[in-house]
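What the coordinates show
Here are the chains, one letter per residue:
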Amino acid sequence: MAKRADMALRRPGVRKGGVRRNPRKSPSGHQRLSEQPGVTRGSAVEEMVRVDHAGEYGAVRIYSGQLAVFERLPHKRKITASLLHMRDEEVEHLSKFNELIRERGVRPTVLTPFWHVAGFALGAATALMGEKAAHACTAAVEEVIDDHYRGQIEKLKDLGGEEAELAETIEKFRQEEVRHKEEALAEGAEQAVGYPLLSGVIRTGCKLAIRVAEKV
Ligand SMILES: [Fe+2]
Ligand SMILES: [Fe+2]
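Residues numbered from 1 in each chain as written. Chains lettered and ligands numbered in written order. Predicted model: local features only at pLDDT ≥ 70, side-chain atom pairs only at ≥ 80, totals over all residues.

Further remarks concern the overall build of the protein chain. Assigned secondary structure in the protein chain consists of 7 helices and 0 strands. Each helix and strand of the protein chain, ordered N terminal to C terminal, gives the series α-α-α-α-α-α-α. Here the protein chain, with 216 residues, has 38% of them falling under the buried criterion. Taking contacts inside the protein chain between residues at least 6 apart in sequence as the whole, the part at least 24 apart equals 79%. (Helix = DSSP H or I, 4+ residues; strand = E, 2+ residues; numbered from the N terminus. Buried ≥ 20, exposed ≤ 12 C-beta atoms within 10 Å, placed from the backbone. Contact = placed C-beta atoms within 7 Å.)

What follows is the structure, given as structure tokens:
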């Protein structure tokens, strides 16, 4: 499993020097997806793929950080099994976005090395605070991702079927993220010490990470 996670974490579609493969040209005269001036349909969908790839990358690293703590503890088998299952699903999500950025010639975020370290650190730190804090981290992250994916699906629907397959993929992943959140809540995420603060800080961090990853 660790090997599979490592494979998925490799950056695809980028040649030495970060040059794009198959850059996708925007069709001329395309409609605006976003109301922001200068944001075209093509670039908006490209941003979606880039940010989702970064998010799934971060998710794999968060679960890996948590597992690095719990896998060493024999009395933490239950949470370890649950986190392994969640990470498996994140690895599948990441593999799909690896494929999408390759196919569409989307540049992955330049901050991948940062998410590599920050995701793992967030996972390990919350796991060291205890099981409930680890679940609080999952619930907070997945809540933001649920909202984020909902927003993207709405925008993709505006394109009238052109990106129906991408919308379906994101909807499938969204449902799995919601299941991760529900499982974390059922396991007592809200009973973590300092839950409102912990959850708030993580949610703010994730929202900020999304904004940054869309652009860089
Ligand atoms: Fe995911
Ligand atoms: Fe998830």
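Additional details are given in the paragraphs that follow.
Our next topic: the nonpolar core. Counting residues in each nonpolar core, the largest one holds 50 residues, and the members touching the most others are V49, V60, Y63, A136, C137, A140 and V141. Breaking this core down by element, the ones donating at least two residues are α2 (41-70), α3 (77-104), α4 (112-129), α5 (131-157), α6 (164-186) and α7 (195-215). Among the elements that take part in this core, α2 stands out by supplying 14 residues, more than any other. Once residues lying within four places of it in the same chain are set aside, the contact partners of V49 are F97, L100, I101, R104 and V106. (Core = buried A, V, L, I, M, F, W, Y, C linked by C-beta atoms within 7 Å.)

Here E142 shows up in helix α5. The exposure class of E142 is buried, given the 25 C-beta atoms found within 10 Å. Apart from residues lying up to four places away in sequence, E142 is in contact with E177, V178, H180 and K181.

Bringing the packing of α2 against α7 into the picture now. Contact geometry of α2 with α7 gives a least axis separation of 8 Å together with a crossing angle of 130°. With respect to α7, the element α2 is oriented oblique. For the pair α2 and α7, the crossing hand works out as right-handed. Contact residues: α2 offers E47, R50, V51, A54, G55 and G58, while α7 offers A209, I210, A213 and E214. (Axes fitted to C-alpha atoms, helices over the stretch in contact; angles between N-to-C directions. Parallel < 35°, antiparallel > 145°, perpendicular 65-115°, else oblique. Left-handed = near helix turned anticlockwise from the far one by under 90°.)

On to the confidence of the model for the protein chain, then. Taken as a whole, the protein chain shows an average pLDDT of 86; of its residues, 83% reach a score of 70 or greater. Across residues 13-32, where pLDDT falls below 50, the model places 25 contacts with residues more than four positions away in sequence or in other chains. (pLDDT = per-residue confidence, 0-100.)

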